[in-house]
Amino acid sequence: RAPSPCFHLLQHMYLSTLWGQGFATSSCLAARVLAPLGRPQELHGTSAHEGPMAFMALCSELDSTVPVSSMLWTILFWATTSNTSVLPDTFGSATFKQMLSDVG
């Protein structure tokens, strides 16, 4: 993780130059900013903690009795992308893990 957006973009420019065609990123910022500059970034996403966090902020009413927004985000992400890869921090709590395993 980069401490600032400028350093984040610089890091992506360096790594894509170093690794060439084999470099992929999950950074929408890098893809959006660098592509018009002639440095397209291949997006390869994971379900990290940013998606559920944003969904929890946008749909906080879903969590009024049971914390389902994080589980719902994950199910929607998997259904729309067919990408079931996750980072270790995606399963933020034992409750979330249990709710997700109960769903299926």
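For clarity, every value in this text was computed on a predicted model and none was experimentally measured.

(A) Representation of the overall build of the chain within the structure. Counting its secondary structure elements, the chain contains five helices and two strands. Along the chain direction, N to C, the helices and strands of the chain fall in the order α-β-α-β-α-α-α. Across the 104 residues that make up the chain, the buried fraction comes to 26%. The contacts of the chain with a sequence gap of at least 6 include a subset with a gap of at least 24, amounting to 38%.

(B) Expanded view of helix α4 (residues 69-81). The terminal C-alpha atoms of α4 lie 18 Å apart, and with 13 residues this matches the ideal 18 Å at 1.5 Å per residue to within 8%. Turning to α4, its buried residues number three or more, namely Ser69, Ser70, Met71, Thr74 and Phe77. A positive phi of about 60 degrees marks Ser82, the residue just after α4.

(C) Seen up close, the packing of aromatic side chains. A complete count under the given rule lists one aromatic pair for this structure. Taken together, a centroid distance of 6.0 Å and an interplanar angle of 50 degrees make the contact between Phe55 and Trp73 tilted. On the criterion of sequence distance, the pair formed by Phe55 in helix α3 (residues 50-58) and Trp73 in helix α4 is long-range, its members being 18 residues apart. A relative accessible area of 15% means that Phe55 is categorised as buried. Classification of Trp73 by relative accessible area gives partly exposed; the value is 26%.

Definitions and cut-offs
Residues numbered from 1 in each chain as written. Predicted model: local features only at pLDDT ≥ 70, side-chain atom pairs only at ≥ 80, totals over all residues. Heavy atoms only, no water. Helix = DSSP H or I, 4+ residues; strand = E, 2+ residues; numbered from the N terminus. Buried < 20%, exposed > 50% of the residue type's maximum accessible area, 1.4 Å probe, protein only. Contact = heavy atoms within 4.5 Å. Expected span 1.5 Å × (residues − 1). Phe/Tyr/Trp six-rings, centres within 6.5 Å; stacked < 30°, edge-to-face > 60°.

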